[in-house]
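# Structural overview for review
What follows is each chain in one-letter form.
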Amino acid sequence: MFYLGERTNSVEEGRRLAETMIATGQALEKFRQGIRLQGGDERVIDEQQRLPTARLHFDVSSSASGFITGTNCEQFGIALAMLGGGREKKEDKIDHGVGLEFHKRIGDRVEKGEPLATIHYNSDAKLAEAKTRIADSYQIGEEAPREKRPLVRRVIGA
């Protein structure tokens, strides 16, 4: 981001700047400032119990043993919107307690019945459909992916 924002001359220089800002606490202060500027309560950084939490949770379990070879992140997002964690239409109110907690990543070994993710939610209205979407978003194969996928595939506009 520093490179794309033309604050540094290279991606590597941007990476070093980010590491420095994290180590010195500057990044955390910038985060506090962002929350403050948007009218939020910056105390949530130090007091996570101030954050909204969902009343209910459900574990989405693996339907097979093997390795996670892929996921469909768009479907994760759609499922969360259905549960109130996003908007299906602009008039919808967002439930900030709704979320997904991931337990496995691409390349991880998983056993049948083992939790892949936990859904945190407050309404059962569309839970069944959301569970199915999330479960179907995991691809499980007999072998781990041969190559570890890079965290950043490419820098756009470089």
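None of the values given here were measured: they were computed from a predicted structure.

Another point: the overall build of the chain. In terms of regular secondary structure, the chain is built from 4 helices and 6 strands. A compact globule built from 158 residues should have a C-alpha radius of gyration of about 15 Å, whereas the chain, at 19 Å, is more than 25% larger. For the C-alpha atoms alone, the extent of the chain along its principal axes is close to 45 × 40 × 30 Å. Counting only residues that meet the buried cut, the chain has 25% of its 158 residues in that class. Long-range pairs, those at least 24 residues apart, make up 64% of the contacts in the chain between residues at least 6 apart in sequence. Taken as a whole, the chain presents about 11,500 Å² of accessible surface, with 50% of it coming from carbon and sulfur. Taken as two groups, the 25 positive and 25 negative side-chain charges of the chain have centres that lie 2 Å from each other.

Take the packing of aromatic side chains next. One pass over the structure, following the stated rule, counts 2 aromatic pairs. Ring centres of phenylalanine 76 and phenylalanine 102 lie 5.1 Å apart, and the angle between their planes is 55°; this geometry places the pair in the tilted category. Within this pair, whereas phenylalanine 76 is found in helix H3 (residues 73–82), its partner phenylalanine 102 is found in strand E3 (residues 99–102), the two being separated by 26 residues in sequence. Plain terms: the ring middles of phenylalanine 76 and tyrosine 138 are 5.4 Å apart, the flat faces sit at 55° to each other, and that makes the pair tilted. Of the two residues, phenylalanine 76 sits in helix H3 while tyrosine 138 sits in strand E6 (residues 138–141), which places them 62 residues apart along the sequence. In this pair, the class of phenylalanine 76 matches that of tyrosine 138, namely buried. Here the aromatic cluster, defined as three or more aromatic residues joined through ring pairs, consists of Phe76, Phe102 and Tyr138. Stacked on the ring of phenylalanine 67, the Lys or Arg arginine 109 has its end atom at 5.3 Å from the ring centre.

Each value, and the rule that gives it
- Residues numbered from 1 in each chain as written.
- Predicted model: local features only at pLDDT ≥ 70, side-chain atom pairs only at ≥ 80, totals over all residues.
- Heavy atoms only, no water.
- Helix = DSSP H or I, 4+ residues; strand = E, 2+ residues; numbered from the N terminus.
- Rg over C-alpha atoms; globule rule 2.2 N^0.38 Å.
- Buried < 20%, exposed > 50% of the residue type's maximum accessible area, 1.4 Å probe, protein only.
- Contact = heavy atoms within 4.5 Å.
- Areas by Shrake-Rupley, 256 points an atom, 1.4 Å probe, with all protein chains shown as cover.
- Lys, Arg positive; Asp, Glu negative; His and termini not counted.
- Charge placed at Lys NZ, Arg CZ, Asp CG, Glu CD.
- Phe/Tyr/Trp six-rings, centres within 6.5 Å; stacked < 30°, edge-to-face > 60°.
- Lys NZ or Arg CZ within 6 Å of the ring centre and 35° of its normal.

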